[in-house]
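Commentary on secondary and tertiary structure
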Amino acid sequence: MPALVLLGAQWGDEGKGKATDLLGGSVDYVVRFQGGNNAGHTVVVGDQKYALHLLPSGILSPGCTPVIGNGVVVDPAVLLSELRGLNERGVDTSKLLLSGNAHLITPYHTEIDKVTERFLGKRRIGTTGRGIGPTYADKINRVGIRVQDLFDESILRQKVDAALDFKNQVLAKLYNRRSVSAEQVVEELLGYADQLAGYVCDTTLVLNDAIDDGKVVLFEGGQGTLLDVDHGTYPFVTSSNPTAGGACTGAGVGPTRISRVIGILKAYTTRVGAGPFPTELLDEDGEKLRTIGGEKGVTTGRDRRCGWFDAVIARYATRVNGLTDFFLTKLDVLTGWERIPVCVAYEVEGRRVTELPYNQSDFHHAKPVYEYLPGWSEDITKATSFADLPKNAQGYVRALEEMSGAPVSAIGVGPGRDETIQLRSFLD
Ligand code: IMP
């Protein structure tokens, strides 16, 4: 049975939590493969709303095993506090599996993230300040601390000492900050060891065995395609690969094992943090999208930048991820506009381009070319089938599908778990 990848097709916050949770009942394993607690999933179950940052949203489905793969960066304090929060609300979290190869976000990573942003001034990325970039940098520099290091005090001590030898020089001499005590960091990390030990295993083995056994495995991306460190709007990106290939490296499964790649696509566009955004609206329409769509970051509480749907980006996401389907979310937010602009191409220095410019300056200067689709005013939140949607809402979905290069298999028409129209199963 299928191994599915579910990922953001824009700049993140497309409503992945809802999509994952919708599938949760039929899925055996939900796996996070990159990012850390910079992600934010809001999942609504009945009248309960859950905000998850690090844990896979499948943790809310009783039959499902949640997995944190090797490609994730884990802040152990956040992980334990998220687990405690769920336990207090009666959610059983005992099935969680955590890769021993995942890297740990330590207090010095968070500190370096914050001071670097301050140092960059107006060139700052607008990171979430959670230590994500510095932790991945250490991983690539081969000076990172992994989950398995928690269980070998001597190795842990050596690694923290070695990392801080250099970092304390940078903190003190470059950023004029106090140095970090290696002893304190080691003590803090050792304090997490017993609490995490029961979750740690070789997750690549478990997942490959699960696929061999015909289980349904869902790989859940954090952030989105345009925040990918290779394929996004570099340098205004996160430090991992939220695109489909990231599922393979970040979970230890081969590309031949993946059967479907589903892109979550918001019916308009949002982005948090700095960087280019051709369809951004700085007017009343942008404010209206933000208010109706509740566009505030789950992790940072920052207002999201809002704009019209961008088909150039959607087509790009189809290409770099090999998308087989789209889950179109938040269609209800567009109710009430007489006509809805959709960006079909860009104008770059007087030329019309229909593919994402690979040159960063061209993308920074890209101006949206809009087509206008007729809007609708009827409430669509109670629609349960495509036929229930007003004709113009149907037309909007079909037009987006045509422009974006993959079929729309589900449509979100409201925040609730049931407020979704499914056109085609994701599990065929
Ligand atoms: P970092 O991931 O904290 O290093 O932040 C890098 C960029 O990615 C910033 O623009 C963040 O706002 C953005 N970012 C990180 N996580 C998310 C997310 O889950 N949704 C949307 N944007 C995100």
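Summarised in this report is the structure supplied together with it. (Residues numbered from 1 in each chain as written. Predicted model: local features only at pLDDT ≥ 70, side-chain atom pairs only at ≥ 80, totals over all residues. Heavy atoms only, no water.)

Within this structure, the stated rule accounts for zero disulfides. In this structure C248 is not part of a disulfide, and its nearest cysteine sulfur, from C201, lies 19 Å away. C248 gets classed as buried once you look at its relative accessible area, which sits at 15%. Lacking any disulfide linkage, C343 is separated from the closest cysteine sulfur, that of C306, by 16 Å. On the basis of relative accessible area, C343 is assigned to the buried category, the value being 0%. (Disulfide = S-S within 2.5 Å. Buried < 20%, exposed > 50% of the residue type's maximum accessible area, 1.4 Å probe, protein only.)

Moving on, we come to the site of the ligand. In the neighbourhood of the ligand, 16 residues make up the surrounding shell, with D13, N38, T128, T238 and R302 lying closest. In the environment of the ligand, an oxygen atom lies 3.3 Å from a nitrogen or oxygen atom belonging to the backbone of G126. A distance of 2.6 Å is found between an oxygen atom of the ligand and a side-chain nitrogen or oxygen belonging to T238. Its residues placed into classes, the shell around the ligand shows six nonpolar, eight polar and two charged. (Near = heavy atom within 4 Å. Polar contact = N/O pair within 3.5 Å; in protein donor to acceptor, adjacent residues only side chain to side chain. Nonpolar A, V, L, I, M, F, W, Y, C, P; charged D, E, K, R; others polar.)

This brings us to the nonpolar core. Ranked by size, the top nonpolar core spans 60 residues in total, and within it F219, L331, L334, L389 and Y396 carry the most contacts. Apart from the residues within four sequence positions on either side, Y396 is in contact with A267, F309, L331, L334, I340, V342, L373 and W376. Counting 40 residues, the second largest nonpolar core, distinct from the first, contains L171, V180, L196 and Y199. (Core = buried A, V, L, I, M, F, W, Y, C linked by side-chain atoms within 4.5 Å. Contact = heavy atoms within 4.5 Å.)

This paragraph deals with the pattern of salt bridges. Across all of its chains, the model carries 19 salt bridges by this definition. Taking the shortest distance from any N to any O, the salt bridge between R304 and D13 comes out at 3.3 Å. Of this pair, R304 sits in the loop between α9 (284-293) and β13 (305-307) while D13 sits in the loop between β1 (3-8) and α1 (16-24); the two residues are 291 residues apart in sequence, bridging distant segments of the chain. A salt bridge links K16 to E14, with the nearest nitrogen and oxygen atoms 3.1 Å apart. Per residue, the accessibility class of K16 equals that of E14, and both read buried. (Salt bridge = Lys/Arg side-chain N within 4 Å of Asp/Glu carboxyl O. Helix = DSSP H or I, 4+ residues; strand = E, 2+ residues; numbered from the N terminus.)

Examined against the element boundaries, T269 turns out to sit in strand β12 (residues 269-271). A polar atom in the side chain of T269 sits 2.8 Å from the backbone oxygen of W308. The contact partners of T269, leaving out residues within four places of it in the chain, are Q10, W11, F277, T279, R305, C306, G307, W308, F309 and D310.

In contact at an axis separation of 12 Å, helix α3 (residues 107-120) and helix α5 (residues 153-174) are set at 25° when each is read in the N-to-C sense. One element, α3, and the other, α5, form an angle in the roughly parallel class. In this structure, the crossing between α3 and α5 has a hand that is left-handed. For the pair α3 and α5, contact is made by Y108, E111, I112, V115 and F119 and by V160, A163, L164, K167, L171 and L174, respectively. A class-by-class count of the residues in the contact of α3 with α5 yields nine nonpolar, no polar and two charged. (Axes fitted to C-alpha atoms, helices over the stretch in contact; angles between N-to-C directions. Parallel < 35°, antiparallel > 145°, perpendicular 65-115°, else oblique. Left-handed = near helix turned anticlockwise from the far one by under 90°.)

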